[in-house]
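A closer look at the structure
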Number of protein chains: 2
Amino acid sequence: MTLHPFDGATALEPSGDGRWLGHTSAAYANMVGPFGGITAAQALSAVLRHPQRLGEPVALTVNFAAALEDGPFEVIAQPVRTNRSTQHWTLEIRQQGQPVLTGTAFTALRRETWAATEHAMPAVPPPAEVQPPTVGKRVEWVHRYEMRFVEGGFPSQWDGRDTGASRTRLWLRDAPPRPLDFASLTALADVFYPRIWRRRALLVPIGTVSMTVYFHAGAAQLHEAGTGYLLGQARAQAFQGGYFDQTAQLWTEGGTLLATTHQVVYYKE
Amino acid sequence: MTLHPFDGATALEPSGDGRWLGHTSAAYANMVGPFGGITAAQALSAVLRHPQRLGEPVALTVNFAAALEDGPFEVIAQPVRTNRSTQHWTLEIRQQGQPVLTGTAFTALRRETWAATEHAMPAVPPPAEVQPPTVGKRVEWVHRYEMRFVEGGFPSQWDGRDTGASRTRLWLRDAPPRPLDFASLTALADVFYPRIWRRRALLVPIGTVSMTVYFHAGAAQLHEAGTGYLLGQARAQAFQGGYFDQTAQLWTEGGTLLATTHQVVYYKE
C-alpha cells in the first residue's frame, strides 16, 4: 500500500516534551517554500499526536512568520491550560533556531447540543457536472487537490481589469482521494487561490500572514464525509494598505458546514 | 479632565522585558469576570506600548483560557520575529502564575496600494433615527457602550423559539464617546451579544474561547473615524456540539470597513 502524499508530508517524529521533527514535502511545494495549508496541517498534527491531548480541535490559528526553507523543521506543541473538558495550546514551527510559524489551538470534548447550520450551502451543480480547469498548474501543490470550479475559477485572461467580485465556489478534495480528518481539513481550508488574483485578474505577489480555522464537526462527521467532495466558498471583504482578508466555508456534499475559516494576506501593488 | 473608563481599564504599568501589570476594571465587569473585549484590548495594549513595535496591528487572535479573577494581572507581549516591514508577536495574560489568555498578533508598516471595500455596508437608517434599547442592562460593561439596534436587538421575549436567524445590525460607540483607536476597536469587535441568544431567544450559558480581529484601517483612518458611530453586523454560521462561530464587520458611518472579526463561542444546551 502506497503512502498518501498528505500522510508523507504530515509525518512527524517525536523528539520528546511536545516536540516533533518534520520535513518539508516536495509534493506540496509552492512558488516560494511550501503550500501554507500543509504547514498549518503539520502544526496541527503535533497537537493531534500529543499524548496529553484532550478532545478534538475546535479552533486553530497559525501565523506565517517566514517562508519555510526546504528541509527539516521542528514543531513544538504545548498544552498551556487544561480545564475539565477544554484545552488551550501554543504552537511553533522552528527552523535554524528561528520561529517560522506561531500559533494557538483550542481542543475540547464535544457534547450533544441543539445544533443548526445557519450559513446554508449554496445551490450548485453536483461535482460530476463540473469540469476540472484546463489551465496550467503553476506550482506542485495544486496537483495534490482536485478542484472543480463552480464560480470564480482562475481568470482566463490576466488583464488586470477589476472584476468587482472575489467570490469563488468549487468542489474540492485531496488527489488522490483520502479520507477526511482534522489535518487534511486544515489544509483544504487554504486551497483557495488568492482573492486579489480573482478580484483584479492580476498575478500580484501575495503571502498569507495569519489563518484561523473553526472546526464545526467532530471526528465522526469527518469520518462520515470520507473521500467525498467538499464545497468550498471564499471571498474577500476588504483590500487595504497591503493586506486583504478571506472568509470561507467548507460544506460536505450533503450540506453540513464542517469548517469556517479566515485569513489575512499580504499583497503588493 | 476625567480619565475615560476605557483608558483607565487599559492602563498598563511596565515591569520590563515585554511585561506589564494591569488590573481588571469594575467598569467593564461581565457576569463572571470582565467583558472579553476589554481583556483583548488590554492584551493588544501591551503590543501598542512595546518600545520595539514595528508598524500597526493587522491581525490579533486571543484565546480566553480561563475567566479572569477581579484583581491584578500580568501581560506579556514578545516580538518573536521581526522582518523588514512586519512583526509577529506572542501574547499572554497571567494571573497567579497561570495563563488566562494566550494569543498572537501581527503588526506591519502599511503601504499605499490598490484598495477596495468588497463587503459594502448595508443600507440602514442613520444613528439619530434609531433608538437605544429600553430593556434592562444586566451587566456593568454594557453601560460602557451606546448601542442602537437596527436589526436583531435583544429579544423582547426569551421564549426559546428558534428565530431561524442570528444576524444583528447596530450602531455602536463608546459611552461616553471616545476617539477610536486600535485598542478600543478591538473591544468594539466583541460588543455583539451572543448569537445563540439571538437565534434561539434563550439565555443559555456561553463563553467566547477564541477571537480574531483583522484591522483593515490604519491609525489615520481610525483618527478620522473619531468619536463617530460604527455600524456593526454579526451573525453565526454554525451551531454544533457545544460551539458556535460569529463572523462580524465594523464600518464607519461613511461605509469604510475598519475591521472584520470572528470568534468561536462555547454554549450549553
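These numbers were taken from a predicted model, which means no experiment stands behind them. (Residues numbered from 1 in each chain as written. Chains lettered and ligands numbered in written order. Predicted model: local features only at pLDDT ≥ 70, side-chain atom pairs only at ≥ 80, totals over all residues.)

So, on to the overall build of chain A. Looking only at helices and strands, chain A has 5 helices and 14 strands in total. Relative to the 2.2 N^0.38 estimate, which gives 18 Å for 269 residues, the radius of gyration of chain A is 18 Å and therefore close to what a compact globule would have. Projected onto its principal axes, the C-alpha positions of chain A cover 50 × 45 × 45 Å. For chain A, the residues scored as buried account for 49% of the 269 residues in total. (Helix = DSSP H or I, 4+ residues; strand = E, 2+ residues; numbered from the N terminus. Rg over C-alpha atoms; globule rule 2.2 N^0.38 Å. Buried ≥ 20, exposed ≤ 12 C-beta atoms within 10 Å, placed from the backbone.)

Here we come to the interface of chain A and chain B. Taken together, the contact pairs 52 residues of chain A with 51 residues of chain B. Among the elements that line the side of chain A that touches chain B, the one with the most residues is strand β6 (residues 98-108) of chain A, at 6 residues. Across the side of chain A that touches chain B, the residue classes break down as 20 nonpolar, 25 polar and 7 charged. The pairing of strand β7 (residues 116-117) of chain A with strand β12 (residues 238-240) of chain B spans 2 bridges and is classified as antiparallel. Among the inter-strand pairings, T117 of chain A is bridged to a residue of β12 of chain B, identified as A238 of chain B. (Contact = placed C-beta atoms within 7 Å. Nonpolar A, V, L, I, M, F, W, Y, C, P; charged D, E, K, R; others polar. Pairing = 2+ DSSP bridges.)

Superposing chain A onto chain B requires a rotation of 180 degrees together with a translation of 0.0 Å along the rotation axis, leaving an RMSD of 0.0 Å. Accordingly, the operation relating the two chain copies is best matched by a two-fold axis. A shared binding surface is used by both copies, with 98% of the interface residues of chain A retained as interface residues in chain B. (Least-squares fit on C-alpha atoms with pLDDT ≥ 70 in both.)

What follows concerns helix α2 (residues 36-49) of chain B. Between the first and last C-alpha of α2 of chain B there are 20 Å, a value that for 14 residues agrees with the 20 Å anticipated at 1.5 Å per step. Listed in full, the buried residues belonging to α2 of chain B are G36, G37, I38, T39, A40, A41, Q42, A43, L44, S45, A46 and V47 of chain B. (Expected span 1.5 Å × (residues − 1).)

Moving on to the pairing of strand β9 (residues 168-174) of chain B. Residues and elements named next belong to chain B. Taking burial as the measure, the 7 residues of β9 include 6 buried ones, the bulk of the element. Where strand β8 (residues 145-151) meets β9, 6 bridges bridge the pair, whose relative direction is antiparallel. Bridging from a neighbouring strand, E151 pairs with R169 of β9. As judged from the 5 bridges shared by β9 and strand β11 (residues 230-235), these two strands associate in the antiparallel manner. Directly across from L172, in β11, lies its bridge partner L230.

Residue P176 of chain A is bonded to the preceding A175 of chain A through a cis peptide linkage, with omega at -5 degrees. At A201 of chain B, a residue that is not glycine, the phi angle is positive and equals roughly 50 degrees. With respect to the element layout, A201 of chain B can be found in the loop between α4 (195-200) and β10 (206-215). According to the C-beta neighbour criterion, A201 of chain B is partly exposed, with 17 such atoms within 10 Å.

Okay, the environment of A11 of chain A next. All names here are of chain A. When you line up the elements, A11 lands in the loop between α1 (5-9) and β1 (13-16). On the basis of neighbour count, A11 is assigned to the partly exposed category, with 15 C-beta atoms found within 10 Å. Separated by 160 residues in sequence, A11 and W171 have C-alpha atoms that sit 27 Å apart.

On the secondary structure map, G22 of chain B appears in strand β2 (residues 19-23). In contact with G22 of chain B, other than residues within four places in its own chain, are L12, Q42, F73 and V75 of chain B.

What follows concerns the confidence of the model for chain A. Interpretation of the predicted coordinates at a detailed level should be avoided for regions scoring low in pLDDT. Averaged over all residues, the pLDDT of chain A equals 96, while 99% of them reach at least 70. At the level of chain-chain contacts, confidence expressed as ipTM amounts to 0.97, with global pTM at 0.98. (pLDDT = per-residue confidence, 0-100.)

The subject of this paragraph is the environment of E146 of chain B. All names here are of chain B. Position of E146 relative to the elements: it lies in strand β8. With 30 residues separating them in the primary sequence, E146 and P176 have C-alpha atoms 8.0 Å apart. Ignoring anything within four residues of it in the chain, the contact list for E146 reads P132, L172, R173 and A175.

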